[in-house]
Amino acid sequence: MHVPLPSAGSPWPELESRMRSMASGDVKWRDGRTGLYVFNAGEDVERVKKAAYALFSEENGLGPAAFPSLARMEREVVGHALTLLHAPEGADGLMTSGGTDSIVMAVKAARDFARAGGMSGQGNLVTPLTAHPAFHKAAMMMDLEIRRVPTKNLLADAEAMEAVCDANTIMLVGSAPCFPFGLIDPFEELSAVALRKNLWLHVDACVGGFLAPFVEMNGAVLPAWDFRVAGVRSISSDLHKYGYCSKGASTLLFRDAAMKQHMLFDAGPWPMGRMLTPTLAGTRPGGAIAAAWAVLNYLGIEGYRAKQALVVQAREAIEAGVRKLGFRVLGVPQLGIVSFTHDSFDCMAILRGLYARGWITAANVDPPSLHLMLSPKHAEVADAYLADLAASMEDAGDATPMPAPGYGR
Ligand SMILES: *Cc1c(COP(=O)(O)O)cnc(C)c1O
């Protein structure tokens, strides 16, 4: 569709009002009406990240010599992440534009590490079925094979995964937690396989990396998954999820700086010589780096502990409420995601009812179940959600049209 650019520009106030009117049909996320896409830690956090983003919106992380400020902020953000995840001396990492970016870069590092070690065939990734499709995307881009292994009680089945590993396996994957069910895979078992077979074990903590450490500080006993587990070589942990930072910010962490070397690009030559970049990106938005630095320092450990306590409180309220309505919670979620199924109701029909009531939430197709990714804000709206859930059950079967469930609709 051609949309001709207006020949004369418009003043900002007019554009702002047009944009606000375009947003009027968007989900009311500030009221906590969405169980995906947005992490709502409150208006004060939103103000801080926007101000920090604006302060550095023109600066470019591609140029650390020109912008030592951004290089320093990135180093500090990565250092905070390494500390929270108990990385050993000699560990290193960097910021990327998001979880998918971190995962693709981790796979690239593992592939080039394997090649440096003599692997010459088509590499393969061994993942549980619950691993994020970003691993599949990475495999498509790098012509790798992906071997998706069925789970056991919804968790990675280390024994079954070991059985499909071979000399060309470049990476073993688990999630902390997986997105569909919010469950932390058994990393002690995956680590035992990785150490026995000398394999690269990656933890996808995109949605848990900035949540689990604080939930643990608040007293929960979680399965071990971070660098305290000996076989873990790399971890992806998103700032723009439970780190509550502006979108476009994730971290990728390596146990050893030597592993990180395999991630870097040394491209060219072209007329300007070689182009050395840490990630696929050329231009890297300074705003995303600055906002991440600002939010981490604005909240600090105490701030995160308080926000993450609200997430757990919301999850516990939802769990109790859905059980009263006859749902079965899938597995034992301990972080911010919960999925639940009903033996005598059609979950997709209930999802449509929720959608009609203004809730944008996700669902799993296998097993059919409703899915929520909870924010601190949800502690305030759990009761309203449960009331609308009950009402949606009553009229389940109503065929309100809605897009197919799933991501990116
Ligand atoms: C969100 C998520 C990703 C992908 O991150 P994006 O920032 O959306 O690219 C990967 N893995 C898990 C477990 C996630 O929850």
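Residues numbered from 1 in each chain as written. Predicted model: local features only at pLDDT ≥ 70, side-chain atom pairs only at ≥ 80, totals over all residues. Heavy atoms only, no water.

Trainee: Just checking my understanding: could you explain the site of the ligand for this structure?
Mentor: The full set close to the ligand counts 14 residues, and Gly99, Thr100, Asp204, His240 and Lys241 are the nearest of them. One of the backbone nitrogen or oxygen atoms of Gly99 is found 2.8 Å away from an oxygen atom of the ligand. Measuring from an oxygen atom of the ligand, one finds a side-chain N or O atom of Lys241 at 3.1 Å. For the ligand, the protein covers 87% of the area, taking 380 Å² as the surface of the free molecule. A total of three residues in the shell around the ligand trace back to one element, the largest contributor, which is helix H4 (residues 99-116). Classifying every residue of the shell around the ligand by side-chain character gives six nonpolar, five polar and three charged. (Near = heavy atom within 4 Å. Polar contact = N/O pair within 3.5 Å; in protein donor to acceptor, adjacent residues only side chain to side chain. Areas by Shrake-Rupley, 256 points an atom, 1.4 Å probe, with all protein chains shown as cover. Helix = DSSP H or I, 4+ residues; strand = E, 2+ residues; numbered from the N terminus. Nonpolar A, V, L, I, M, F, W, Y, C, P; charged D, E, K, R; others polar.)

Trainee: For this particular structure, what's the right way to read the pairing of strand E4 (residues 169-175)?
Mentor: Among the seven residues in E4, seven count as buried, and that is most of the element. Sheet analysis places strand E2 (residues 124-128) next to E4, joined by three bridges and oriented parallel. Bridged to Asn124 within E4 is Thr169. Sheet topology places E4 next to strand E5 (residues 201-204); four bridges connect them, and they run parallel. The partner of Leu172 across the bridge, within E5, is Leu201. (Buried < 20%, exposed > 50% of the residue type's maximum accessible area, 1.4 Å probe, protein only. Pairing = 2+ DSSP bridges.)

Trainee: What should I look at first to understand empty space enclosed by the protein in this one?
Mentor: Any space left empty among the atoms is revealed by the rolling of a water-sized probe across them. Counting across every chain of the model gives three cavities of 30 Å³ or more. Approximately 50 Å³ is the volume attributed to the largest cavity. In terms of lining residues, the largest cavity is bounded by 13 residues, among which Trp359, Leu372, Leu374, His378 and Tyr385 are the most central. By residue number, the principal contributor to the lining of the largest cavity is helix H12 (residues 378-394), which donates four residues. Looking at side-chain class alone, the lining of the largest cavity contains seven nonpolar, five polar and one charged residues. (1 Å grid on protein atoms, 1.4 Å probe; cavity = no way out; pocket = protein on both sides within 12 Å on 5 of 7 lines; lining within 4 Å. Points joined across faces, edges and corners; volume = space filled by probe spheres on them.)

Trainee: Where do I start with the packing of aromatic side chains in this structure?
Mentor: The description of two aromatic rings rests on the distance between their centres and on the angle between their planes. The tally for this structure, following the rule as stated, stands at eight aromatic pairs. Between Phe113 and Trp200, the aromatic rings sit 5.3 Å apart at their centres with planes inclined by 70°, giving edge-to-face as the arrangement. Residue Phe113 is located in helix H4, and its partner Trp200 is located in the loop between helix H7 (187-197) and E5; the two are separated by 87 residues in the primary sequence. On the basis of relative accessibility, which here comes to 31%, the residue Phe113 falls in the partly exposed class. Ring geometry for Phe214 versus Tyr304: centroids 4.9 Å apart, planes at 15°, classification stacked. Residue Phe214 is located in helix H8 (residues 212-217), and its partner Tyr304 is located in helix H10 (residues 286-324); the two are separated by 90 residues in the primary sequence. For the pair formed by Phe214 and Tyr304, the shared burial category is buried. These aromatic residues form a ring-pair network of at least three members: Phe39, Phe214, Tyr242, Tyr244 and Tyr304. For the cation-ring pair, Arg33 lies above Trp359, with the distance from its terminal atom to the ring centre recorded as 4.0 Å. One Lys or Arg, Lys108, reaches over the ring of Phe265 and ends 4.6 Å from the middle of that ring. (Phe/Tyr/Trp six-rings, centres within 6.5 Å; stacked < 30°, edge-to-face > 60°. Lys NZ or Arg CZ within 6 Å of the ring centre and 35° of its normal.)

Trainee: Honestly, the packing of H4 against helix H5 (residues 134-141) in this entry has me stumped. Any pointers?
Mentor: Between two packed helices, both the angle of their axes relative to each other and the distance between the axes serve to describe the pair. For the pair H4 and H5, interaxial distance at closest approach is 9 Å and the crossing angle is 50°. As summarised for this structure, H4 and H5 are arranged oblique, according to the angle between their axes. Here the hand of the crossing between H4 and H5 comes out right-handed. For the pair H4 and H5, the contacting residues are Thr100, Ile103, Val104 and Val107 in the first and Ala134, Phe135, Lys137, Ala138 and Met141 in the second. Tallied by class, the residues present in the contact of H4 with H5 amount to seven nonpolar, one polar and one charged. (Axes fitted to C-alpha atoms, helices over the stretch in contact; angles between N-to-C directions. Parallel < 35°, antiparallel > 145°, perpendicular 65-115°, else oblique. Left-handed = near helix turned anticlockwise from the far one by under 90°. Contact = heavy atoms within 4.5 Å.)

Treat this as a map of the structure, not an account of what it does.
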